[in-house]
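Per-entry structural report
The chain contents come next:
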Amino acid sequence: MKRVIVDYAKLTNEILTLLVEKFPEGYDDSNIVRFKNAKNETIEAVEVRTEDTIYLVKVSTKLADRIENFEDDDMVDEPGDDLDALKDLEIADENEDQEEEED
């Protein structure tokens, strides 16, 4: 099985989908893998797997934001939701406002 280190900026939709499925509520310290790269720098990443590859996605605040935004983009409102919310709004008629000002 091959291992691939991926920066958040280079995430594909496939890897992002895997992350969202594995961490629907987000990730915490217990999900973070720490290792040294070739430059002897400590890297923190979260791990997601496919059948043939282990992806180590570098952890950053931007990664968390991107996962959250990806989830928001996937959410689709029911068609009637917006209309139901509008029914409860009281909208003043422009003519009524002008009549009140004249009085």
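Before reading further, recall that the structure is shown in the block above.
Read on for an overview of the structure. (Residues numbered from 1 in each chain as written. Predicted model: local features only at pLDDT ≥ 70, side-chain atom pairs only at ≥ 80, totals over all residues. Heavy atoms only, no water.)

1. Digging into the pairing of strand S3 (residues 42–49)
Pairing of strand S2 (residues 32–36) with S3 involves five bridges; the strand directions are antiparallel. Looking at the pairing, Val33 lines up with Ala45 of S3. The hairpin turn running from S2 into S3, its antiparallel successor, is five residues long, and Asn40 in that turn takes a positive phi close to 65°. When S3 meets strand S4 (residues 53–58), the two strands line up antiparallel, connected through five bridges. Residue pairing in the sheet places Ala45 in a bridge with Lys58 of S4. In sequence, S3 turns back onto S4 through a hairpin of three residues. (Pairing = 2+ DSSP bridges. Helix = DSSP H or I, 4+ residues; strand = E, 2+ residues; numbered from the N terminus.)

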